[in-house]
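Chain by chain, the residues:
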Amino acid sequence: MTDIHKFYLNGKYVVLDIPSGSVHIVDELVYKIIDDYKKLNKEEIIEKYRENFSMKTIDEAIDEIEYLIEEEMLFSEDMKYLKPMYNPQNVVKAMCLNVSHDCNLRCKYCFASQGDFHGQRLLMDLDTGKRALEYLIENSGYRRNLEVDFFGGEPLMNFNLVKELVKYGREIEGVHNKHFRFTITTNGTLLTDDKIDFINENMDNCVLSLDGRKCVNDLMRPTVGGKGSYDTIIPKFKKLISKRGDKDYFIRGTFTNENLDFSEDLMDYYKQGFKKTSIEPVVTDEKEPYAIRAEHLQKILVEYEKLSKEYIEIKKEDKEFSFFHFIIDLSQGPCAVKRTVGCGAGSEYIAVTPEGDIYPCHQFVGEKEFKMGDIFNGIKRTDIRDSFKTANVYTNEDCPECWARYYCSGGCHANAYYANNNIHKPYKIGCEMEKKRIECAISILANQNS
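These numbers were taken from a predicted model, which means no experiment stands behind them. (Residues numbered from 1 in each chain as written. Predicted model: local features only at pLDDT ≥ 70, side-chain atom pairs only at ≥ 80, totals over all residues. Heavy atoms only, no water.)

Looking at this model, I keep getting lost on the packing of helix 4 (residues 126-138) against helix 5 (residues 159-173). Mind explaining?
For any two helices packed against each other, the geometry comes down to the angle between their axes and how far apart the axes lie. Packing of helix 4 against helix 5 brings their axes to within 10 Å, and their N-to-C directions diverge by 35 degrees. Where helix 4 crosses over helix 5, the handedness of that crossing is right-handed. Seen from helix 4, the contacting residues are L126, G129, K130, L133, E134 and I137; seen from helix 5, they are L161, E164, L165, Y168, G169 and I172. (Axes fitted to C-alpha atoms, helices over the stretch in contact; angles between N-to-C directions. Helix = DSSP H or I, 4+ residues; strand = E, 2+ residues; numbered from the N terminus. Left-handed = near helix turned anticlockwise from the far one by under 90°. Contact = heavy atoms within 4.5 Å.)

Would you take a moment to explain the packing of helix 1 (residues 28-36) against helix 3 (residues 55-70) for this structure?
Between helix 1 and helix 3, the shortest axis-to-axis distance is 9 Å and the interhelical angle comes to 65 degrees. Crossing handedness for the pair helix 1 and helix 3: right-handed. Between helix 1 and helix 3, the contacting residues are L29, V30, I33 and I34 on the first element and T57, I58, A61, I62, E64 and I65 on the second. By residue class, the composition of the contact of helix 1 with helix 3 is 8 nonpolar, 1 polar and 1 charged. (Nonpolar A, V, L, I, M, F, W, Y, C, P; charged D, E, K, R; others polar.)

Explain helix 4 here, please?
An α-helix turns once per 3.6 residues; consequently, residues spaced three or four apart project the same way. A rise of 1.5 Å per residue sets the reference length of helix 4, with its 13 residues, at 18 Å; its end C-alpha atoms lie 18 Å apart and thus fit the reference within 8%. Those residues of helix 4 that fall on the buried side of the exposure criterion are T128, G129, R131, A132, L133, Y135, L136 and I137. Between the side-chain oxygen of the N-cap and the backbone nitrogen of D127 there are 3.3 Å, and the N-cap of helix 4 in question is D125. (Expected span 1.5 Å × (residues − 1). Buried < 20%, exposed > 50% of the residue type's maximum accessible area, 1.4 Å probe, protein only. Polar contact = N/O pair within 3.5 Å; in protein donor to acceptor, adjacent residues only side chain to side chain.)

Where do I start with unusual backbone geometry in this structure?
Across the chain, the bulk of peptide bonds are trans and the bulk of non-glycine residues have phi less than zero. Omega for the peptide link from G152 to G153 comes to 15 degrees, which places this bond in the cis form. For G153, the location among the structural elements is in the loop between strand 7 (145-151) and helix 5. One non-glycine residue with positive phi stands out, namely N10, at about 50 degrees. Looking at the secondary structure, you find N10 in the loop between strand 1 (4-9) and strand 2 (12-17). Residue N10 is classed as buried on the basis of its relative accessible area, which comes to 15%. Non-glycine residue E72 carries a positive phi angle of around 60 degrees. If you trace the backbone, E72 turns up in the loop between helix 3 and strand 4 (94-98). With relative accessibility at 59%, the residue E72 sits in the exposed group.

How should I be thinking about helix 12 (residues 382-389) in this particular structure?
Turning to helix 12, its buried residues number three or more, namely I384, R385, F388 and K389. Seen from one end, helix 12 has its buried residues packed into an arc of 135 degrees, which puts them on one side. Along its buried surface, helix 12 packs onto strand 16 (378-379) and helix 14 (413-420). (Arc of directions from axis to C-beta.)

Structure (C-alpha cells):
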C-alpha cells in the first residue's frame, strides 16, 4: 500500500507518509507535484508546471521527492500487522479505581449517571481498595511503574480511603519492586487546604473538571441543588495549582452543542491562569438535546482551526500553555504494534468498581455485559478481554484505509460502542474531529519549528 495524506493549514504545506510516520513540510510546488508523481513521467510533470515555475525549481522539486522515496520516507510500503501480538501475557499496567459511586454534582452529560453508574450509590471500603492494589501488582508482570487513577463519581467523597490506599501502596510497592503513580480526577467542589496539600504531595497528576466559561460550566455542571459550580471551583483550583509546583495537572472540560465556540472556553482557562488544558467533545445518545450530531461537525472543524491559530500566537509568548489534543508525538513511539491498538482498555488498562468488579475501562462500568470478573477471583470473561485485544486499526471497520490510523490507533472503544453498539465500528463524527485535531497539531508544530 502506498499511502500519503496532505493538507495546507496555518501557512504550511504538509505531506504525511502514513506507513513510515514521516512528516514533511514542503513548498507549494512539491505539494502539487506529489499528486502527479505516480501518474506522470518527468517530462509530463515539467510540461504541466513550466508556465508557472522555472525549470530549475521543477527539477529541484522532483529531486526532493525522489530522495524521500529512496529513503523510504514517501510512498513507503505499509507493514500490516493483521494479527498483532499485543500484550500476550495480559500484563496490567493501569487501573481506574472507582472509590466513589456517588457525586455531589449533577452534570447533564455524565456517562456515569451523575455518579452511580446506573446502580447504587456506593463508596469503596478499605479491604476492597487494598485488594485492588494487590491485584494490580500480581498482574503487572515485568512492569515496574503502575498507574492508579482515583476516580468516581467524586473521589473526594471518599477521601479518607484515598489517603489510606496511598499509604498502603507505598508500603507494598518496594516489597515487589514496583512504583505506583497516583492520579486523582475531581470536580474540585470538596477541596480544602488539607486535601490540596495531600494531593500535591502524593499525586503525580491530577485532572480537574471544569467546562470553561461560567455560563457554560454552570449550565452543564450544576450542584445537587441546581446551583452553578464555577464560582466554588475556580478559587480552589487556583489554590491547588499555585501550590503544585512543577507537578502535572490538567484542567479538563467537555463541550456540547451548547458551546460549539469552545475555543472561547479554552481562552477562559488561559485567562484564569490554567496552563495545561483539555476540552473533549461529548459522546452521548443523539436524542439528547446537548448531543453533537453530524449537523454540528463542520462548525466544530472550523473551530479547531480557529483555535490552532490562537494557540500558535499564545505559544509564541507562553511556552507553558498546552492543549492536550494539540500535543503530538511525531515519532509515534517505539512500538509499531502499539500504534495499531490504542489505549489498551480491557487488557493493559482496567477499571474497578467499589464492589471490586472489573470492567474494560471507566466508561464501560455499569454495563453488565462488559463485566470481566473481579479482583478477588480474577478475569473470568476472557472473551471480553480478547475482543478488546483484537480491536485494532486492521480489524476495525474503516480504519485500515484511514490516513490517521497510526495517530489515533483506532479511536476510543467506548465511543465506538455507545455510538454503534460495536467496539469495532468507530464513531464517525469522532473520527472527523480527531483527524482535524491531528492536522492542527502538526501545523502548530511546523510553525513552532520554522
